[in-house]
Amino acid sequence: MSTTINVKTLRYEMRRIIERVKRGEDFTVLYRSRPAFRIVPLHGGVAVGRPEDDSLFGAEAVGASSDGLTSANHDRILHGRSDE
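The rules behind the values
Residues numbered from 1 in each chain as written. Predicted model: local features only at pLDDT ≥ 70, side-chain atom pairs only at ≥ 80, totals over all residues. Heavy atoms only, no water. Helix = DSSP H or I, 4+ residues; strand = E, 2+ residues; numbered from the N terminus. Contact = heavy atoms within 4.5 Å. Areas by Shrake-Rupley, 256 points an atom, 1.4 Å probe, with all protein chains shown as cover. Buried < 20%, exposed > 50% of the residue type's maximum accessible area, 1.4 Å probe, protein only. Polar contact = N/O pair within 3.5 Å; in protein donor to acceptor, adjacent residues only side chain to side chain. Salt bridge = Lys/Arg side-chain N within 4 Å of Asp/Glu carboxyl O.

A. Quick look at the overall build of the protein. Assigned secondary structure in the protein consists of three helices and three strands. Tracing the protein from N to C terminus, the helices and strands come up as β-α-α-β-β-α. Long-range contacts, defined as pairs at least 24 residues apart, comprise 30% of the intrachain contacts of the protein with a sequence gap of at least 6. Put simply, the protein shows about 6900 Å² of open surface, and 53% of that area lies on carbon and sulfur atoms.

So, in structure tokens, the structure goes:
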């Protein structure tokens, strides 16, 4: 289960939140009272679900990538595979 915090809390408690994420916790961050992003561990025992359940998996590009990668490349990086 994700803990919900606001940007102000994130700013002032960043060190403590990073340590909690390292232990496997995840956070949903609110910006102007709306969910803006999540902070999740990169590695560890926390299951992040199937890529297909992520609303951004396989999404079409909304602009040009500054790193020269395609959306399929980004899916591979983020999820370990692409929708192709």
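B. Looking closely at the side chain of T28. Inspection of the secondary structure assignment puts T28 in strand β2 (residues 27-31). Judged by its relative accessible area of 16%, T28 is buried. A distance of 2.8 Å separates the side chain of T28 from the side chain of S2, its partner in a polar contact. When near neighbours in sequence (up to four residues on either side) are disregarded, T28 contacts S2, T3, T4, I5, P35, F37 and R38.

C. Region of interest: the pattern of salt bridges. Per the stated rule, a full pass over the model turns up four salt bridges. A salt bridge links E25 to R20, with the nearest nitrogen and oxygen atoms 2.7 Å apart. The residue R38 makes a salt bridge to D26 at a minimum N-O spacing of 2.6 Å. One end of the pair, R38, is in strand β3 (residues 34-39); the other, D26, is in the loop between α2 (14-22) and β2, and twelve residues separate them in sequence. For R38, a relative accessible area of 51% puts it in the exposed group.

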